[in-house]
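Below are the chains, spelled out letter by letter.
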Amino acid sequence: MIKAVVFGGRGYTGGELLRILSLHGGIEVVAVASQGAAGEPIWRYHPHLRPFLKGSFVSYEEALEGDFDIAFIALSHGEGADLVKEIYDRGKKVVDLSANFRLKDPKDYERWYSWKHPYPELLKLSVYGLPELHREDLKGSRLISGVGCNATAINLALLPLAKRSLLDSFHADVRVGSSAGGAKPSEGGHHPERSRALRIYATYEHRHLAEVVQETGVEGEIRITAVELVRGIQAVIRCELKEALSEKEILSIYRERYSSEPFVELCPFKPEHLRFPDPRWVTGSNLCMIGMKLHPNGRSLTLVSVIDNLVKGASGSAIQAANVALGLPEDMGLRLVPVYPV
């Protein structure tokens with residue numbers, strides 16, 4: 001068994017890492033670190049895991065002193081960079097779920113996150129942790145970045161078109177559940193403030209747009225809307241194509257690109273109410289579902305992509321990428337059947 005440590009195990013993404021890894025089969029969690037909860041039982045913050053994961057949180061210092069092969073860092077953006085550097089310099093593998101190592105250009109951190117990156121040399125070594133985009137680069141990698149949840153829903157929807165240079169521009173209207181804001185309530189993101197609301201909190205630009213432009217090479221816009229869901233993202237993307245195509249041709253492009261992908265599913269064209277996916281269809285799973293409809297002009301395309309933001313948008317992709325890097329079966333521990341209805 002490969003030994004893993006989870007840093008920041010008290011939060012939502014940390015909890016998802018523990019949920020998936022508790023029954024993984026190839027990776028054993030040997031320590032769960034939390035500076036604010038050291039000494040407290042893990043079930044105190046993750047009661048659903050009590051039958052599956054015993055023990056208590058430890059301090060970062062105690063976790064670092066132990067014997068492990070890979071570390072998962074589930075801390076907020078801007079935190080944990082020093083920790084990643086220390087673990088990497090020790091020769092261990094590390095997966096940072098935050099944005100700390102997602103972007104390749106250090107200047108992008110000043111623009112999108114308003115801080116100067118402390119280790120720009122590591123950005124060149126980090127591999128963006130979405131296997132559908134960087135599977136070969138991930139093999140044997142020692143530094144893997146997490147993925148933005150909104151960016152993942154958009155990137156997977158746009159990838160087949162972008163790789164064929166068919167995409168001219170896009171506008172993504174992303175509907176996001178409250179858990180995407182993390183376990184610590186914020187003034188606008190606290191669930192009671194979002195409940196029964198339709199609040200737009202990013203227009204034209206959002207920091208996840210940097211990942212989409214970086215990975216697809218196409219400029220576009222993102223609008224984020226807070227919706228009633230706790231889990232789930234639905235990205236409704238209006239695309240303009242560089243040339244007119246038929247719906248059959250577009251479907252063929254997507255089938256060719258995703259036929260061998262274990263976690264991407266295309267929606268049927270009929271019946272009409274199942275053409276576009278509902279985020280509830282993927283709750284608790286590592287799946288991304290994509291639906292599409294072409295305008296009669298042949299150049300305007302609507303894509304709808306859904307994921308569970310805590311799984312495929314965070315912890316699931318992190319474990320999928322780690323599986324690839326460690327030489328394990330890519331889907332190990334991730335054959336999670338969605339829970340429906342929710």
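Provided above is the structure to which this section pertains.
The present account deals with the structure reproduced in this document. Note that the coordinates shown come from a computational prediction; the quantities given were computed from them, not determined experimentally. (Residues numbered from 1 in each chain as written. Predicted model: local features only at pLDDT ≥ 70, side-chain atom pairs only at ≥ 80, totals over all residues. Heavy atoms only, no water.)

### Some details on the pattern of salt bridges
Then comes step 1: Enumeration according to the criterion identifies 20 salt bridges in this entry.
Then comes step 2: Two residues, Arg 335 and Asp 331, come together in a salt bridge whose shortest N-O distance is 3.1 Å.
Then comes step 3: The exposure class assigned to Arg 335 is exposed, which follows from its relative accessible area of 56%.
Then comes step 4: Look at Asp 331 and you get partly exposed, because its relative accessible area is 28%. (Salt bridge = Lys/Arg side-chain N within 4 Å of Asp/Glu carboxyl O. Buried < 20%, exposed > 50% of the residue type's maximum accessible area, 1.4 Å probe, protein only.)

### Brief notes about the nonpolar core
Then comes step 1: With 75 residues, the main nonpolar core has Phe 7, Ile 154, Phe 170, Ile 237 and Leu 303 as its most contacted residues.
Then comes step 2: When residues of this core are assigned to their parent elements, the largest contribution, 10 residues, is made by helix H7 (residues 149-163).
Then comes step 3: Every residue in contact with Ile 154, bar those within four places of it in the chain, is listed here: Phe 170, Ala 172, Val 174, Val 212, Ile 222, Ala 235 and Ile 237.
Then comes step 4: In terms of nonpolar packing, the next biggest core, distinct from the first, is built from 39 residues, Ala 37, Val 324, Leu 326 and Leu 334 among them. (Core = buried A, V, L, I, M, F, W, Y, C linked by side-chain atoms within 4.5 Å. Helix = DSSP H or I, 4+ residues; strand = E, 2+ residues; numbered from the N terminus. Contact = heavy atoms within 4.5 Å.)

### Re the pairing of strand S4 (residues 93-96)
Then comes step 1: Burial of the side chains of S4 extends over both faces: Lys 93 and Val 95 are buried on one face and Val 94 and Asp 96 on the other.
Then comes step 2: The pairing of strand S3 (residues 70-73) with S4 spans four bridges and is classified as parallel. In the strand pairing of S4, Ala 71 is matched with Val 94.
Then comes step 3: Between S3 and its parallel partner S4, the chain crosses via helix H3 (residues 81-89), and the hand of that crossover is right-handed.
Then comes step 4: By the bridge criterion, three bridges tie S4 to strand S6 (residues 143-145) in an arrangement that is parallel. Across the sheet, the residue bridging to Val 95 is Ile 144, located in S6. (Pairing = 2+ DSSP bridges. Right-handed = clockwise from strand over helix to strand, strands pointing away.)

### Regarding the side chain of Ser 179
Then comes step 1: Within the secondary structure, Ser 179 is located in the loop between strand S7 (167-176) and helix H8 (191-194).
Then comes step 2: At 3.0 Å, the side chain of Ser 179 forms a polar contact with the side chain of Asn 309.
Then comes step 3: Residues contacting Ser 179, with those up to four places away along its chain left out, are Tyr 12, Val 230, Arg 231, Asn 309 and Leu 310. (Polar contact = N/O pair within 3.5 Å; in protein donor to acceptor, adjacent residues only side chain to side chain.)

### Regarding the packing of aromatic side chains
Then comes step 1: Overall, the coordinates contain five aromatic pairs when judged by the stated rule.
Then comes step 2: Between Tyr 109 and Tyr 113, the aromatic rings sit 5.8 Å apart at their centres with planes inclined by 35°, giving tilted as the arrangement. Across the pair, Tyr 113 and Tyr 109 agree in class, each one buried.
Then comes step 3: What links up through ring pairs into an aromatic cluster is the set Tyr 109, Tyr 113 and Trp 115.
Then comes step 4: The ring of Trp 43 has Arg 50 sitting right over it, with the charged end atom 4.2 Å from the ring centre.
Then comes step 5: Lying across the ring of Tyr 88, Arg 142 places its NZ or CZ 4.0 Å from the centre. (Phe/Tyr/Trp six-rings, centres within 6.5 Å; stacked < 30°, edge-to-face > 60°. Lys NZ or Arg CZ within 6 Å of the ring centre and 35° of its normal.)

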